[in-house]
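Here's the letter readout for the chains.
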Amino acid sequence: MMQYSDCQMALKINILVGTMTGTAQLVAQELELAWDDGETKVETLLMDKLDSTVFARGGVYLICTSTYGQGDVPDNAKALYDDLNTKRPDLSQLRYGVFGLGDRTYAETFNFGGQRFDELLAELGAQRIGERVKHDASSGVLPEEMATEWGDEWLKLARQAAGQAA
Ligand SMILES: Cc1cc2nc3c(=O)[nH]c(=O)nc-3n(C[C@H](O)[C@H](O)[C@H](O)COP(=O)(O)O)c2cc1C
């Protein structure tokens, strides 16, 4: 019988993590555990010290980031965000998803970190896979549980998107 790997290359998912206190990293770790197998290869990178060239790695991307300050991206995500915003590369080949973490208590800026990346990537021509996730820390739902429930469907959409882009 034909194996999956005989007819299709493994999907590569790059998870880029913007975090201040590690919650988004925990989400990425859970998603990596759930997704990484023979058919899907996951690489998780903290955004620290990354620049816009990270988007040349191939595969699809998941931006997994929290929100701080006045609706800002976390400190470790600032250099990447600013580099993208300054260099403005053509990302029309890029397919990405966004798992945002925030807290509705910050009503005016709820989940702006994920939203900022989403808007910037869209401006640069990239196409989002699925809806942007907005986790709410005040909801009582654990972000890593929300992520693994959401992750099954997103993985299917990512496979379709990678197939169309190839
Ligand atoms: C000082 C501070 C400022 C925050 N500002 C916002 C905000 O403006 N909007 C929002 O949605 N969440 C805000 N949050 C909530 C965090 O984004 C949320 O707790 C998130 O789960 C933290 O994830 P992390 O540990 O990966 O950084 C703030 C939290 C702190 C402690």
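Residues numbered from 1 in each chain as written. Predicted model: local features only at pLDDT ≥ 70, side-chain atom pairs only at ≥ 80, totals over all residues.

**Digging into the site of the ligand**
Taken together, 20 residues lie around the ligand, and Thr19, Thr23, Ser66, Gly102 and Tyr106 are the ones closest in. Looking at the shell around the ligand, the elements that each hand over two or more residues are α2 (23-35) and β4 (95-102). Residues that form the shell around the ligand fall into these classes: nine nonpolar, ten polar and one charged. (Near = placed C-beta within 6 Å. Helix = DSSP H or I, 4+ residues; strand = E, 2+ residues; numbered from the N terminus. Nonpolar A, V, L, I, M, F, W, Y, C, P; charged D, E, K, R; others polar.)

**Quick look at the pairing of β4**
For β4, the tally of buried residues reaches eight of eight residues, placing the bulk of the element in the interior. Both faces of β4 are covered, namely the face carrying Arg95, Gly97, Phe99 and Leu101 and the face carrying Tyr96, Val98, Gly100 and Gly102. The pairing of strand β3 (residues 60-65) with β4 spans five bridges and is parallel. The residue of β4 that forms the bridge with Tyr61 is Tyr96. For the handedness criterion, the β-α-β arrangement of β3, helix α3 (residues 75-87) and β4 is classed as right-handed. (Buried ≥ 20, exposed ≤ 12 C-beta atoms within 10 Å, placed from the backbone. Pairing = 2+ DSSP bridges. Right-handed = clockwise from strand over helix to strand, strands pointing away.)

**Details of the environment of Gln115**
Mapped onto the elements, Gln115 comes out in helix α4 (residues 112-123). Of the residues examined, Gln115 has 20 C-beta atoms within 10 Å and is grouped as buried. The spacing of Gln115 and Phe55 is 60 residues in sequence and 18 Å in space, taken between C-alpha atoms.

**Comments concerning the environment of Thr148**
If you trace the backbone, Thr148 turns up in helix α5 (residues 143-165). Given 16 C-beta atoms within 10 Å, Thr148 falls into the partly exposed group. Expressed as a C-alpha distance, the spacing of Thr148 and Trp35, which sit 113 residues apart in the sequence, is 9.1 Å. Aside from chain neighbours lying at most four places away, what touches Thr148 is Glu30 and Ala34. (Contact = placed C-beta atoms within 7 Å.)

**Some thoughts on the confidence of the model for the chain**
With 94% of its residues at a pLDDT of 70 or more, the chain has an overall mean of 94. Note on residues 1-7: pLDDT is under 50 here. Beyond four places in sequence and across chains, it has four contacts. (pLDDT = per-residue confidence, 0-100.)

**Let's talk about the nonpolar core**
Within the largest apolar cluster, 37 residues are counted, with the highest numbers of intra-cluster contacts made by Ile15, Leu16, Leu62, Ile63, Cys64 and Tyr96. Aside from chain neighbours lying at most four places away, what touches Ile63 is Leu16, Tyr96, Val98, Gly114 and Phe117. (Core = buried A, V, L, I, M, F, W, Y, C linked by C-beta atoms within 7 Å.)

**Structural notes on α2**
Over its 13 residues, α2 extends 18 Å from the first C-alpha to the last, a length consistent with the 18 Å expected when each residue adds 1.5 Å. Of the residues making up α2, those classed as buried are Ala24, Val27, Ala28, Leu31 and Trp35. Looking straight down α2, one finds its buried side chains confined to an arc of 100°; they lie on one side. (Expected span 1.5 Å × (residues − 1). Arc of directions from axis to C-beta.)

**Some remarks on unusual backbone geometry**
With glycine set apart, most residues show a phi of negative sign, and most peptide bonds adopt trans. For Lys49, which is not glycine, the phi torsion reads 70° and is therefore positive. Checked against the element boundaries, Lys49 lands in the loop between β2 (40-46) and β3. Non-glycine residue Arg88 carries a positive phi angle of around 45°. Relative to the assigned elements, Arg88 resides in the loop between α3 and β4.

**Let's talk about α4**
Helix length check: α4 (twelve residues) gives 16 Å between terminal C-alpha atoms against 16 Å at 1.5 Å per residue, within 8%. Among all positions in α4, only Phe112, Gly113, Gly114, Gln115, Arg116, Phe117, Asp118 and Leu121 are buried. Elements that come into contact with the buried residues of α4 comprise β1 (11-18), β3, α3, β4, β5 (127-128) and β6 (133-136). Two residues or fewer past α4, Gly125 is found with a positive phi of approximately 100°.

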